[in-house]
Amino acid sequence: MDSSKIYDVIIIGSGVSGAAQFYSFAKHSDLSRVALLEKESQAGMINSMPTNNSQTLHEWDIETNYDLEKAKSVKLKSGYTRAYVTEKSDPKLFLQWPKMVMGIGQQECEFLEKRFEEFRGLFPTLEKLEWEALREKEPNVFKDRKQWERIMGLYNPDGITVNYSLLAQSLVKDGQGIAKNDPNKEYETHFGTKVVDITKDGEIYRVQTSDGEMKAKFVSVCAGAHSMYFAKKAEVKEAKHLSLLCVAGNFYYTPKYIDTKIYTVQDPDLPFSAVHWDPDILDPNRTRFWPTTRMVFMLERHRYKTVFDFFVTLPPVFKSLIAYLKIMSDLKFALYAFKHNVVFQIPWVGNYYFWREAQKIIPSLKYSDVKLAKWQGGVRPQIVDTSAKKPLSLWEAKLSAGNIKFNVTPSPWATTCIFNGLSDAKEITETLGGEFEKGVV
Ligand SMILES: Cc1cc2nc3c(=O)[nH]c(=O)nc-3n(C[C@H](O)[C@H](O)[C@H](O)COP(=O)(O)OP(=O)(O)OC[C@H]3O[C@@H](n4cnc5c(N)ncnc54)[C@H](O)[C@@H]3O)c2cc1C
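Residues numbered from 1 in each chain as written. Predicted model: local features only at pLDDT ≥ 70, side-chain atom pairs only at ≥ 80, totals over all residues.

**Q** Mind showing me how you'd approach the overall build of the protein here?
**A** Each helix and strand in the protein was counted, giving 11 helices and 20 strands. Computed over the C-alpha atoms, the radius of gyration of the protein is 22 Å, within 12% of the 22 Å expected from 2.2 N^0.38 for a compact globule of 441 residues. Projected onto its principal axes, the C-alpha coordinates of the protein cover approximately 75 × 50 × 35 Å. When burial is assessed residue by residue, the protein has 45% of its 441 residues classed as buried. For the protein, restricting intrachain contacts to residue pairs at least 6 apart in sequence, the fraction spanning at least 24 positions comes to 74%. (Helix = DSSP H or I, 4+ residues; strand = E, 2+ residues; numbered from the N terminus. Rg over C-alpha atoms; globule rule 2.2 N^0.38 Å. Buried ≥ 20, exposed ≤ 12 C-beta atoms within 10 Å, placed from the backbone. Contact = placed C-beta atoms within 7 Å.)

This is how it looks when you write it as structure tokens:
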């Protein structure tokens with residue numbers, strides 16, 4: 001590692017966010033020295049791993065918690081990821097998979113009817129299916145179902161399932177390839193290199209890594225929940241009143257019962273998805289039921305050393321504890337949290353209660369078919385604003401201080417990584433006085 005070299009930009013973290021940013025610099029910026037640092041041996045090994053997330057390209061057609069305005073913005077942004085993966089036409093990278101939101105009972109069906117009228121202009125492939133048409137598509141949804149129950153689906157044949165880990169690897173590879181063919185670009189990737197500290201020295205940032213020191217004019221931290229860890233360590237003003245609620249998702253495998261990704265109507269008072277079924281790009285012959293929503297005190301799932309890092313993100317401790325209490329003071333939320341954090345965690349009992357919940361989608365689902373996916377499911381770093389009346393935020397946190405930027409929670413999630421990467425790369429390039437290709441974002 002050459003500590004005399006000064007990079008234009010050092011990107012920390014090569015999940016989909018950091019990888020998309022690296023690719024965006026290589027393809028559209030004239031900055032000549034960019035380095036990507038990642039502590040794991042390759043890109044996309046933490047939250048972007050297919051075993052740690054639901055692999056969905058979200059567009060907000062079937063996610064009923066979000067309104068039309070939000071859907072317009074997300075559809076536009078997710079379009080960049082859709083265009084990239086479909087151009088690759090690699091079945092390991094993405095699968096075309098129909099998706100639907102299913103309403104059960106009169107109230108939910110009426111809600112979906114209204115939503116259909118509102119959303120069909122934005123999603124021309126969206127169809128409204130009633131009992132008979134639905135039964136033709138998904139007979140197992142109707143096996144053992146009570147005949148008197150009204151049921152309806154908003155069905156979109158144009159869904160996309162993505163292996164975000166392979167997407168991260170592909171973006172890095174493409175970025176490296178583009179930079180290699182450009183004599184003005186010296187782009188580097190360092191895997192197995194852990195960043196331990198970042199300090200400011202005049203106009204330059206010193207990045208201490210497990211392999212030595214590196215220097216840069218701009219540092220972009222795309223390290224997932226660890227971005228908040230670094231923001232707190234750097235005492236960034238914007239981060240002072242923020243902390244994290246780390247929400248892990250568990251899921252259960254069952255044999256394949258259905259061919260459509262099925263969401264259920266979400267409770268508008270609860271910020272997390274209702275029970276749903278997802279395909280698995282690693283093995284399309286099995287079914288994954290999600291989510292259980294579990295609070296954990298670590299920044300990376302099943303990495304118990306990151307408990308210490310979580311405590312770095314906690315201050316102001318007293319205010320954070322008050323904010324957690326405020327979140328739990330909502331009775332509906334507290335009951336939800338109790339079910340997911342206590343009941344679902346009890347061996348066998350947890351399986352039983354989750355099975356009952358999943359039967360909302362497949363009434364004939366057998367208890368013996370439901371198996372907890374052990375050591376899987378990632379952690380969502382949700383932002384807690386200790387100074388807000390409603391402290392839990394479901395949206396992104398991008399913090400900055402001078403020429404350092406921290407991407408904690410990409411919005412919304414991996415889906416918009418390429419759009420986010422392009423926007424950030426453009427902003428950083430212009431801050432450094434460089435040129436970014438016009439009209440890209
Ligand atoms: C249960 C669950 C389900 C989800 N489902 C979906 C979904 O269906 N669709 C969707 O779009 N999104 C989904 N998400 C969200 C999505 O997984 C994340 O938003 C996305 O993976 C975040 O990417 P990232 O690059 O920001 O972070 P990560 O993928 O976590 O990458 C951060 C990288 O930084 C590296 N790093 C951290 N610290 C250091 C350090 N000190 N030095 C060097 N490197 C470091 C890590 O090793 C890691 O590679 C889900 C998340 C969860 C938890």
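**Q** When you look at the site of the ligand in this model, what are you seeing that I'm missing?
**A** In the region of the ligand, 38 residues are neighbours, and Gly13, Gly15, Gly224, Gly249 and Trp413 sit closest. Within the residue set of the shell around the ligand, elements represented by two or more residues are helix H1 (16-28), strand E2 (33-38) and strand E17 (379-385). The greatest single-element share of the shell around the ligand, amounting to three residues, is contributed by H1. (Near = placed C-beta within 6 Å.)

**Q** For this particular structure, what's the right way to read the environment of Tyr155?
**A** Note that Tyr155 resides in strand E6 (residues 151-156). For the pair formed by Tyr155 and Val441, sequence separation is 286 residues and the distance between their alpha carbons is 30 Å.

**Q** Looking at this structure, how should I read the packing of helix H6 (residues 225-233) against helix H7 (residues 306-313)?
**A** Packed helix pairs are specified by the crossing angle of their axes together with the interaxial distance, meaning the distance between the axes. Here H6 crosses H7 at 50 degrees, and the two axes come no closer than 8 Å. Classified by the interaxial angle, the pair formed by H6 and H7 is oblique. Between H6 and H7 the crossing geometry is left-handed. Contacts between H6 and H7 pair His226, Met228, Tyr229, Lys232 and Lys233 from the former with Asp309, Val312 and Thr313 from the latter. (Axes fitted to C-alpha atoms, helices over the stretch in contact; angles between N-to-C directions. Parallel < 35°, antiparallel > 145°, perpendicular 65-115°, else oblique. Left-handed = near helix turned anticlockwise from the far one by under 90°.)

**Q** Quick question: what am I supposed to make of the nonpolar core here?
**A** Most often, soluble globular proteins have nonpolar side chains that are buried together. Counting residues in each nonpolar core, the largest one holds 77 residues, and the members touching the most others are Val9, Ile10, Phe22 and Val219. In contact with Phe22, other than residues within four places in its own chain, are Ile11, Val34, Leu36, Leu171, Val172 and Gly175. Core analysis: the second largest hydrophobic core is formed by 27 residues, Met100, Phe119, Trp277 and Trp290 among them. (Core = buried A, V, L, I, M, F, W, Y, C linked by C-beta atoms within 7 Å.)

**Q** So what exactly am I meant to see when it comes to the environment of Ala83 here?
**A** Summarising the element assignment, Ala83 is placed in helix H2 (residues 68-88). Sequence separation between Ala83 and Lys215 is 132 residues; the distance between their C-alpha atoms is 35 Å.

**Q** In this structure, what is going on with H2? I would like to understand it.
**A** Each turn of an α-helix holds 3.6 residues, which means side chains three or four residues apart point in the same direction. Between the first and last C-alpha of H2 there are 30 Å, a value that for 21 residues agrees with the 30 Å anticipated at 1.5 Å per step. Maximum bend of H2: about 30 degrees, positioned at Gly79. The elements touched by buried residues of H2 are strand E3 (94-96), strand E7 (160-162), helix H5 (164-180) and helix H11 (417-431). In the stretch just after H2, Ser89 is the one whose phi turns positive, near 35 degrees. (Expected span 1.5 Å × (residues − 1). Bend = angle between axes of the 7 residues up to and from the residue.)

**Q** Whenever I open this one, unusual backbone geometry confuses me. Can you help?
**A** Excluding glycine, residues mostly have negative phi values, and the peptide bonds linking residues are mostly trans. Put simply, Pro315 and Pro316 share a cis peptide bond, and its omega is 5 degrees. Considering the arrangement of structural elements, one finds Pro316 in the loop between H7 and helix H8 (317-328). The phi dihedral of Gln55 falls on the positive side, at around 65 degrees, and the residue is not glycine. Mapped onto the elements, Gln55 comes out in the loop between E2 and H2. In this structure Gln55 comes out as buried when scored by C-beta crowding, with 25 C-beta atoms within 10 Å.

**Q** Looking at this structure, how should I read H1?
**A** Between its terminal C-alpha atoms H1 stretches 18 Å, which fits the 18 Å expected from 13 residues at 1.5 Å a residue. Judged by how many residues are buried, H1 sits mostly within the fold: 12 of 13 residues are covered. Every buried residue of H1 is accounted for by Val16, Ser17, Gly18, Ala19, Ala20, Gln21, Phe22, Tyr23, Ser24, Phe25, Ala26 and His28.

Without other data, these values stay purely geometric and don't point to any function.
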